[in-house]
Amino acid sequence: MTVLPDDGLSLAAEFPDATREQWQSLVEGVLRKTGRDVTGPAAEEALATTLQDGLTTRPLYTAEDTPGDSGYPGFAPFTRGGRPEGGAVAGWDVRQRHTRPDPARTNEAVLADLENGATSLWLGVGAAGVPVSGLATALDGVLLDLAPVALDAGDEFAPATRELLKLYDERGVARDQARGTLGADPVAQLARTGRETDGATEEAAGLASLCHRDYPGLRAICVDALPYHEAGASDAQELGCSLATGVGWLRELTAAGLSVEAACGQLEFRYAATADQFLTIAKLRAARRLWGRVAEVCGAPAAGAQRQHAVTSSVMMTRRDPWVNMLRTTVAALAAGLGGADAVTVLPFDHALGLPDDFSRRIARNTSTILLEESYLGRVIDPAGGSWYVERLTDDLAHAAWAWFQEIERAGGQRAALRDGLIGERISATWRERSERLAKRREPITGVSEFPQLAQVPVERDPAPESPAGGLPVVRRDEAYEALRARSDAHLAATGARPRVFLAALGPAAAHTARATFAASLFQAGGIEPVHDPVSVDADTAAEAFTRSGAAVACLCSSDALYTEQAAPVAAALKSAGAPRVFLAGRPGEHRDTYLEAGVDEFVVAGGDAVAVLTSVLDRMGVA
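Procedures and definitions
Residues numbered from 1 in each chain as written. Predicted model: local features only at pLDDT ≥ 70, side-chain atom pairs only at ≥ 80, totals over all residues. Heavy atoms only, no water. Phe/Tyr/Trp six-rings, centres within 6.5 Å; stacked < 30°, edge-to-face > 60°. Helix = DSSP H or I, 4+ residues; strand = E, 2+ residues; numbered from the N terminus. Salt bridge = Lys/Arg side-chain N within 4 Å of Asp/Glu carboxyl O. Pairing = 2+ DSSP bridges. Axes fitted to C-alpha atoms, helices over the stretch in contact; angles between N-to-C directions. Contact = heavy atoms within 4.5 Å.

Draft legend 1. Expanded view of the packing of aromatic side chains. Within the structure shown, the criterion is met by 10 aromatic pairs. Ring centres of Tyr61 and Tyr389 lie 5.2 Å apart, and the angle between their planes is 45°; on these two criteria the pair is classed as tilted. Residue Tyr61 is located in the loop between strand S2 (56-57) and strand S3 (93-98), and its partner Tyr389 is located in helix H14 (residues 388-410); the two are separated by 328 residues in the primary sequence. Between Phe502 and Phe546, the ring centres sit 6.2 Å apart and the planes meet at 65°, which makes this aromatic pair edge-to-face. Note that Phe502 is positioned in strand S11 (residues 500-505) and Phe546 in helix H19 (residues 542-549), a separation of 44 residues in sequence. These aromatic residues form a ring-pair network of at least three members: Tyr61, Phe278 and Tyr389.

Draft legend 2. Region of interest: the pattern of salt bridges. Counted under the stated rule, the structure contains 53 salt bridges. Taking the shortest distance from any N to any O, the salt bridge between Asp113 and Arg365 comes out at 2.5 Å. Taken together, the positions of Asp113 in helix H3 (residues 103-115) and Arg365 in helix H13 (residues 358-374) put the pair 252 residues apart, joining distant regions of the chain. We note a salt bridge from Arg213 to Asp214, for which the minimum N-O separation is 3.4 Å. Shared partners join several salt bridges into a network, and the residues in it are Arg20, Glu44, Glu45, Arg58, Glu64 and Asp65.

Draft legend 3. Quick peek at the sheet that holds S11. Strand order in the open sheet made by the 5 strands is S12-S11-S13-S14-S15, with parallel pairing throughout. Of all strands in the sheet, those bounded by a partner on one side alone are strand S12 (529-531) and strand S15 (602-604). When strand polarity is set aside, the average angle formed by the axes of neighbouring strands in this sheet is 30°. Contacts from H19 reach S11, S12 and strand S13 (553-557) within the one sheet, and its direction differs from that of S11 by about 155°.

The structure is reproduced here in structure tokens:
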């Protein structure tokens, strides 16, 4: 039996400390093999990735990159969490969303959710869901002293609140036992509709005073950042807009007679959680740090523990292959939990298609249940804390958001910046830049721009209530590809077949498979069905195979070496067979002119504008 030495397991004791310079030297050698002759810090810089908001993620982080002390969980500046406790009873509020207009069917869904893992309700009321008069039916059988209710009633927040408070009284719920958020948010309505109801701000401030005085467990105001995220805002823009809105409410509520501490206690902040897990973690941590700074400046540092409700992003949800949304929302929910959100709503995977069914709601609530009950994510407060990467990303994001917040304040505050178009213009520019990355598939969308399934049976759902319009737009990552697929669907309905492309694969499978797979995925993203039959063609067989395929265009697929031997004669054969457009998958290099002269019209490459290519192909095919 081996006896360990007294000093235990000092596994790294015999290894010298590695330096950053040594790591950079190794990177230099790798980059040199790719033809990039850079040294020292420039070698490290070559591997950095630029994000939105001017942020950069580096390939290596060390203790030198730590921005400073981020404090302790539950204490100012609250970067590491708004509460200090962890353990088996900790975690987040599993908040399920309901927007079905039928009160009776909503009630069935509400009870099923509460009996099977959900711990609170997020109810769309009025135009957003259940009629105000149907609120009692929708909440029939719900133990209102146990299940917090968050209202989302748009400009009908006042009558919805009166109806909810009446239910508390009728059902004998003590005022100090009422829990939830009344959801008053005229600023979000201004963002969504371009208008604000007269007197709404004063009415919301009055509700805040009422809650502070009589309902200590209710918060009146929701600082909702989702309208900015849903319009295409970056993370820093979303944070800056929420911060400016929150500061505006502090001014309104203190003017109405509340102290700063009481005003902070009436605010709940709502943010989007995306499948970019590290940015989501950093965003929630940065949001708490920023709000902690606001509270400190206002003279109430202990009141700066921001209450956060995280919602999985609707922008990332796809209408095609919606099952993939389960994976996206799982990563987003994980990031929201790790980031310290107090409440998390996982949108059902069919959210983009309409109202969810029982199965999709069950999967949504079980996502949080698995993360909490099987993965135990709620037992540790701020598990990402201390990561040099996360701490740096949090700090960089906080500074970028603070700069945007200051710009909004100089413009007169959130309302003024919305009305004069500053916010809309800035978010629109951000979305245009992101749309270019999506079009070029630098930001891939699985099941849509990558690995689409043309034969998949569409998922159909009951229509959801229409979203308000007139203010900031509502965008989705898949929208450009969805427009292309819709054209293909219409063509299929009218003709019985999808538009087709013939894949003219040259040589053995080992030579053409990579580019044939690339081309097939590219064209399917636009609803164009690839025909790869026979497996391989040459100048003698290409014309007959193209004619038999029923395709309107062709694409050559093979290795660079085989292109130099066969691309020109095969392209000429395809042209002679009537192919109006011949593509070549890959970069032509020095043989570009030869290929063009033989009949190749265009080259499709990784990083090219897929949306532009697919749009032009459908246009040439006459697909309306």
